[in-house]
Amino acid sequence: MTAPVGRPVPADGPLHDLRVVDLATVVAGPGCARYLADFGADVIKVERPGSGDTTRAMGWTHPDDDVTLWWKLAGRNKRSVVADLKDPDDLARVRRLIDTADVLVENFRPGTLERLGLRPDDLIASNPELVITRVTGFGQDGPYAQRPGFATLAEAMSGFAASNGEPEGAPLLPPIALTDEVTALTAAFATMVALHSGVGQVVDVNLLESLFQLMGPLMSLWELRGELVPRLGSGIAYSVPRGTYRCRDGQWVAISTSAESVAVRVMDLIGLGGDPRFAGFAGRIAHREEIDECLGAWCAERTLDDVLATFEAAHAAAAPVYDMAQLAVDPHVVARGSVADLDGTPMQGLVARLSETPGRLRWAGRPLDADAQTVWPELDEP
């Protein structure tokens, strides 16, 4: 799949020889296919007639053409065709398309693919190296397999919401499509692992377990010590100080001391250095409120620029709390080209940079069925 040493790098990316059929909708499944497309895979997005993918009608629209910003991102680098999977002729054509593919991505409820007549065993029998990536809310089996696959459910059940929020406040859900985006990355990774095996197989990825992977040792903590982490706002259970603090000019700064050497330097900066009560992680955790209060007061006496400069000089970790307007003009973000302009729509660039076989952004999400005149005739080519 990648070019051997000594061979020219394919102009269309390291995955240029992969074909992916994307039957998924919304964010997580299509996100998996998008990551493959970004690195050159020929992703054919099969959409339902009329409305197409859900993201075509979700959220904000581009001021120039009224196409949703979600679709421009979720559909980027993909070819679009329409097929009604309940129509026998359309279904047969999609089946032929899958026979030409390396990967099928779908996010129907478990059993739906089978009821449509696209049984994974049959698909792999016809196309022995086919990887079928199935993205659901709770997996292909288990008591919750048939529950709707909404990210909010995973965020509630994974431990994320319970550990997120202010100490006396309600559990908090993320204000972004966190679980969907994490699951998209998980599915893309798992798909590439399966492709590397060279064996046709089903990849079972779900929202709950993808977000659960981000919980670190919290399950181990409960099972071994019987402890649950409390909600700490911007704090974190195993490192103090850590959080967001307001500066004299009203700006906010985020500070972390998850390395002992950094914590010692921060204690020195705010006048708590040498106090044996604050020695080591355990000592600082035991005095969380006192340290946070002192650091908060220290930041409140200084502007954001002063805080950042002082922390940088001390080789300690601090960063401004940005909104999108501030992130867009940050000199590092600008220099790295982290925000790409694709067909007049600014969006995230590639998720990773490969020195020898880079990915490439080719186009934003295309009009519904835009590629019917090229995709379907390809099935008849010898």
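See the structure printed just above.
Reading the values: the criteria
Residues numbered from 1 in each chain as written. Predicted model: local features only at pLDDT ≥ 70, side-chain atom pairs only at ≥ 80, totals over all residues. Heavy atoms only, no water. Helix = DSSP H or I, 4+ residues; strand = E, 2+ residues; numbered from the N terminus. Buried < 20%, exposed > 50% of the residue type's maximum accessible area, 1.4 Å probe, protein only. Areas by Shrake-Rupley, 256 points an atom, 1.4 Å probe, with all protein chains shown as cover. Lys, Arg positive; Asp, Glu negative; His and termini not counted. Charge placed at Lys NZ, Arg CZ, Asp CG, Glu CD. Contact = heavy atoms within 4.5 Å. Core = buried A, V, L, I, M, F, W, Y, C linked by side-chain atoms within 4.5 Å. Phe/Tyr/Trp six-rings, centres within 6.5 Å; stacked < 30°, edge-to-face > 60°. Lys NZ or Arg CZ within 6 Å of the ring centre and 35° of its normal. Pairing = 2+ DSSP bridges. Axes fitted to C-alpha atoms, helices over the stretch in contact; angles between N-to-C directions. Salt bridge = Lys/Arg side-chain N within 4 Å of Asp/Glu carboxyl O. Parallel < 35°, antiparallel > 145°, perpendicular 65-115°, else oblique. Left-handed = near helix turned anticlockwise from the far one by under 90°. Nonpolar A, V, L, I, M, F, W, Y, C, P; charged D, E, K, R; others polar.

**Comments concerning the overall build of the protein**
And step 1. Broken down by element type, the protein carries 16 helices and 11 strands.
And step 2. Summarising its shape, the C-alpha atoms of the protein cover approximately 75 × 45 × 45 Å along the three principal directions.
And step 3. Taking all 382 residues of the protein together, 42% fall into the buried category.
And step 4. For the protein, the computed accessible surface area is about 19,700 Å², with 56% contributed by carbon and sulfur atoms.
And step 5. Charge centroids of the protein, computed over 34 positive and 53 negative side chains, lie 1 Å from each other.

**Observations regarding the side chain of Asp-90**
And step 1. Position of Asp-90 relative to the elements: it lies in helix α3 (residues 88-99).
And step 2. In contact with Asp-90, not counting residues within four places along its chain, are Ala-83 and Asp-84.

**Observations regarding the nonpolar core**
And step 1. Formed by 29 residues in total, the largest nonpolar core has its most connected members in Val-20 and Ala-41.
And step 2. For this core, the elements supplying multiple residues, two or more each, are α1 (28-38), β4 (103-106), β5 (131-136), α7 (178-197), β6 (201-206) and α8 (207-212).
And step 3. In contact with Ala-41, other than residues within four places in its own chain, are Leu-15, His-16, Leu-18, Val-20, Leu-36 and Arg-362.
And step 4. Listed in part, the 24 residues of the second largest apolar core include Val-46, Leu-97, Leu-116 and Leu-130.

**Digging into the packing of aromatic side chains**
Given two aromatic rings, their pairing is described by the distance between the two centres and the angle made by the two planes.
And step 1. This model, assessed by the stated rule, comprises two aromatic pairs.
And step 2. Seen from their ring centres, Phe-138 and Tyr-144 are 5.8 Å apart, and the 75° between their planes marks the pair as edge-to-face.
And step 3. Since its relative accessible area comes to 11%, Phe-138 is described here as buried.
And step 4. Against the face of Tyr-35 rests Arg-34, its NZ or CZ located 4.7 Å from the ring centre.
And step 5. Lying across the ring of Trp-71, Arg-56 places its NZ or CZ 3.9 Å from the centre.

**Side note on the pairing of β4**
And step 1. Residues Val-103 and Val-105 point to one face of β4 and Leu-104 and Glu-106 to the other, with burial holding for every one of them.
And step 2. Inspection of the sheet shows strand β1 (residues 19-22) paired to β4 by three bridges, in the parallel sense. For Asp-22, the partnering residue across the bridge sits in β4 and is Val-105.
And step 3. With four bridges connecting them, β4 and β5 associate as parallel partners. In the sheet register, Val-103 faces β5, and the bridge partner there is Val-131.

**Comments concerning unusual backbone geometry**
And step 1. Note the cis peptide between Val-240 and Pro-241, where omega equals -5°.
And step 2. Mapped onto the elements, Pro-241 comes out in the loop between α9 (218-225) and β7 (243-246).
And step 3. Although it is not a glycine, Val-26 adopts a positive phi angle of roughly 70°.

**Structural notes on the sheet that holds strand β9 (residues 317-320)**
And step 1. Spatial strand order, β7-β8-β9: three strands in an open sheet with antiparallel pairing. The open sheet terminates on both sides in strands that have one partner only, identified here as β7 and β9. Within this sheet the neighbouring strands show an average axis-to-axis angle of 30°, counted without direction.
And step 2. Summarising the sheet, β7 and strand β8 (residues 252-256) pair through four bridges and their orientation is antiparallel. Residue pairing in the sheet places Gly-243 in a bridge with Ile-255 of β8.

**A closer look at the pattern of salt bridges**
Two side chains with opposite charge may pair up if their charged atoms get near one another.
And step 1. The final tally for this structure, using the stated rule, is 23 salt bridges.
And step 2. In this structure, the salt-bridge partner of Arg-284 is Glu-260, at a minimum N-O distance of 2.7 Å. Here Arg-284, found in helix α11 (residues 280-286), pairs with Glu-260, found in helix α10 (residues 260-269); they are 24 residues apart in sequence, far enough to count as distant.
And step 3. What makes Arg-284 buried here is its relative accessible area of 1%.
And step 4. Taking the shortest distance from any N to any O, the salt bridge between Arg-277 and Glu-290 comes out at 3.0 Å. In this pair, Arg-277 is assigned in the loop between α10 and α11 and Glu-290 in helix α12 (residues 288-300), connecting sequence segments 13 residues apart.
And step 5. For Arg-277, a relative accessible area of 36% puts it in the partly exposed group.
And step 6. Here the salt bridges do not stand alone but share partners, grouping Arg-19, Asp-42, Arg-79 and Glu-378 into one network.

**Here's the deal with the packing of α1 against α7**
And step 1. At a closest axis distance of 7 Å, the pairing of α1 and α7 adopts a crossing angle of 50°. One element, α1, and the other, α7, form an angle in the oblique class. The interaxial crossing formed by α1 with α7 has right-handed handedness. Contacts between α1 and α7 pair Ala-28, Gly-31, Cys-32, Arg-34, Tyr-35 and Leu-36 from the former with Asp-180, Glu-181, Thr-183, Ala-184, Leu-185, Ala-187, Ala-188, Thr-191 and Met-192 from the latter.
And step 2. In the contact of α1 with α7, the residues fall into nine nonpolar, three polar and three charged.

**Quick word on the sheet that holds strand β3 (residues 78-82)**
And step 1. Strand order in the open sheet formed by six strands is β3-β2-β1-β4-β5-β6, with parallel pairing between adjacent strands. Pairing within the sheet leaves two strands with one partner each, and these edge strands are β3 and β6. The mean angle between the axes of side-by-side strands here comes to 20°, regardless of whether they run parallel or antiparallel.

Read these as spatial facts, not as claims about activity.
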